[in-house]
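Next come the chains, spelled out residue by residue.
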Amino acid sequence: MPFAAGGPTDVTARILGEHMSKTLGQQIEVKNIVGAGGTTAITHGAQSAPDGYTIMIGHMGTHSAAPAFYPNLKYDPTKDFEPIGLAVGTPIVIVARKDFPPKNLKEFIAYLKANSTMIDVAHAGIASVSHTTCLMLTHQLGVKLTEVTYRGTGPALIGLAGGHVDIMCDQIVNLVERIKDGQIKAYAIATPARSPALPDVPTTKEAGLPDYEVSALNALFAPKGTPEPIVARLNEALSRALDDPTTKKRLLDLGGVIPDSQQRTGAWLGDFVKAEVARWSPIIKAAGVLGP
Ligand code: ASP
């Protein structure tokens, strides 16, 4: 698990791990190894014995954005893993501390443009989802904010709710309860349709920023060379967890999007990772954040 406890990736791992443990008859222990936007844990996982006893939860950061940010990355997301399956889709929500002045997304955009030097954006490290997706946002708006790095967006969210940082772009599964409780403010969800978990939050399109649409995901991977029957068993345990009514409801209540049957295979995930690496690299390079 590549980020601190309590964040979206951790919560997904724990919810699914609980049910998968029952199917597998083995307790899945979630081990948080933080650092370098999640790539420290994935490097460690990629180099672990391919025996099915070490698997990883990765996401659009570790397995799509990371190669563009880290030229010396010690793994290749497209080659060094046996993809197990997509765990959950996670729309991105633009959020801020509860007393951040703008009242809606249009005001938010104007406020960022007028006050960029005074605004802090929280994220979970270079190449993390929160970093990459807010970078896309600020690049589109032509502003540069002050970045504050946390060990995961679980701790970042505590900073946001405490008013220590101003804004964040985060995976929905971390946010629903705090938005509903009014501990943080949500400006828009970056998907074509509203989320049933946050029906009052407008889409970016509705709120005036139609070009900002982005979703992330969490997915399970095994080290390269893990025997196919083991990967198949893990895939089946994941799929059973996703179909279990209680587990499914927990993920849906958090705003997670459950993969459909076509998206459940390792082959689908492998193809998706290849397409996403190819899609993200130019976007990140265009954002002009990389060295020459
Ligand atoms: N997945 C989050 C991110 O990449 C971090 C976390 O799960 O804590 O921003």
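Given the structure is predicted, the values throughout are model-derived calculations rather than measurements. (Residues numbered from 1 in each chain as written. Predicted model: local features only at pLDDT ≥ 70, side-chain atom pairs only at ≥ 80, totals over all residues. Heavy atoms only, no water.)

A.B. asks: Just to check I follow, could you spell out the site of the ligand for this structure?
C.D. replies: Near the ligand, the surroundings consist of Phe 3, Gly 7, Pro 8, Thr 9, His 59, Ala 124, Ser 128, Val 129, Ser 130, Gly 152, Thr 153 and Gln 171. With respect to the ligand, the backbone of Val 129 contributes an N or O atom lying 2.8 Å from an oxygen atom. Separating an oxygen atom of the ligand from a backbone N or O atom of Thr 153 is a distance of 2.8 Å. In isolation the ligand has 270 Å² of accessible area, and contact with the protein removes 100% of it. For the shell around the ligand, the secondary-structure elements that each account for two or more residues are α1 (8-24) and α5 (129-141). For the shell around the ligand, the residue count by class is 4 nonpolar, 8 polar and no charged. (Near = heavy atom within 4 Å. Polar contact = N/O pair within 3.5 Å; in protein donor to acceptor, adjacent residues only side chain to side chain. Areas by Shrake-Rupley, 256 points an atom, 1.4 Å probe, with all protein chains shown as cover. Helix = DSSP H or I, 4+ residues; strand = E, 2+ residues; numbered from the N terminus. Nonpolar A, V, L, I, M, F, W, Y, C, P; charged D, E, K, R; others polar.)

A.B. asks: I would appreciate a short explanation of the pattern of salt bridges in the present structure.
C.D. replies: Where charged atoms of side chains with opposite charge meet at close range, the side chains can pair. Counted by the stated rule, this structure contains 11 salt bridges. For the salt bridge of Asp 10 with Arg 14, the shortest nitrogen-to-oxygen distance reads 2.9 Å. Linking Asp 10 with Arg 14, this pair stays in helix α1, spanning 4 residues, or about one helical turn. The exposure class of Asp 10 is buried, given its relative accessible area of 3%. With a shortest N-O distance of 3.9 Å, Lys 224 and Glu 82 are connected by a salt bridge. (Salt bridge = Lys/Arg side-chain N within 4 Å of Asp/Glu carboxyl O. Buried < 20%, exposed > 50% of the residue type's maximum accessible area, 1.4 Å probe, protein only.)

A.B. asks: Which parts of the structure should I look at to understand the packing of α5 against helix α11 (residues 266-286)?
C.D. replies: Between two packed helices, what matters for the description is the angle formed by their axes and the separation of those axes. The interhelical angle for the contact between α5 and α11, taken along N-to-C directions, is 50°, at an axis separation of 10 Å. One element, α5, and the other, α11, form an angle in the oblique class. For the pair α5 and α11, the crossing hand works out as left-handed. Side by side, α5 and α11 meet where Thr 132, Met 136 and His 139 of the first sit next to Trp 280, Ile 283, Ile 284 and Ala 286 of the second. Among the residues making up the contact of α5 with α11, the classes are represented as 5 nonpolar, 2 polar and no charged. (Axes fitted to C-alpha atoms, helices over the stretch in contact; angles between N-to-C directions. Parallel < 35°, antiparallel > 145°, perpendicular 65-115°, else oblique. Left-handed = near helix turned anticlockwise from the far one by under 90°. Contact = heavy atoms within 4.5 Å.)

A.B. asks: Help me understand the state of the cysteines in this model?
C.D. replies: Put plainly, a disulfide is one covalent bond tying together the sulfur atoms of two cysteines. The full count for this structure, using the stated rule, is 1 disulfide. Across a sulfur-sulfur distance of 2.1 Å, Cys 134 and Cys 169 are joined as a disulfide pair. Taking the sign of the S-S torsion, 75° for the link of Cys 134 and Cys 169, the bridge is right-handed. Of this pair, Cys 134 sits in helix α5 while Cys 169 sits in strand β5 (residues 167-171); the two residues are 35 residues apart in sequence, bridging distant segments of the chain. (Disulfide = S-S within 2.5 Å.)

A.B. asks: I'm lost on the pairing of strand β3 (residues 120-123) in this one. Help?
C.D. replies: Note on strand geometry: in a regular strand, side chains alternate between the two faces of the sheet. Pairing of β3 with strand β4 (residues 146-149), which is carried by 4 bridges, proceeds in the parallel orientation. Across the sheet, Asp 120 pairs through a bridge with Thr 146, a residue of β4. Handedness of the crossover joining β3 and β4 through α5: right-handed. (Pairing = 2+ DSSP bridges. Right-handed = clockwise from strand over helix to strand, strands pointing away.)

A.B. asks: Please explain the packing of aromatic side chains as it appears in this structure.
C.D. replies: The description of an aromatic ring pair uses the distance of the two centres, along with the angle that the planes make with each other. What the rule picks out here adds up to 6 aromatic pairs. With 5.7 Å between their ring centres and 65° between their planes, Phe 81 and Phe 221 make a pair best called edge-to-face. Of this pair, Phe 81 sits in strand β2 (residues 81-97) while Phe 221 sits in strand β7 (residues 215-223), and the two are 140 residues apart along the sequence. Accessibility assignment for this pair places Phe 81 and Phe 221 in one class, buried. Seen from their ring centres, Phe 100 and Tyr 111 are 5.2 Å apart, and the 80° between their planes marks the pair as edge-to-face. Taken together, the residues span a long stretch of sequence, with Phe 100 in the loop between β2 and α4 (105-115) and Tyr 111 in helix α4 at a distance of 11 residues. Look at Tyr 111 and you get partly exposed, because its relative accessible area is 24%. A connected cluster of aromatic rings, assembled from ring pairs, spans Phe 100, Phe 108, Tyr 111 and Tyr 187. (Phe/Tyr/Trp six-rings, centres within 6.5 Å; stacked < 30°, edge-to-face > 60°.)

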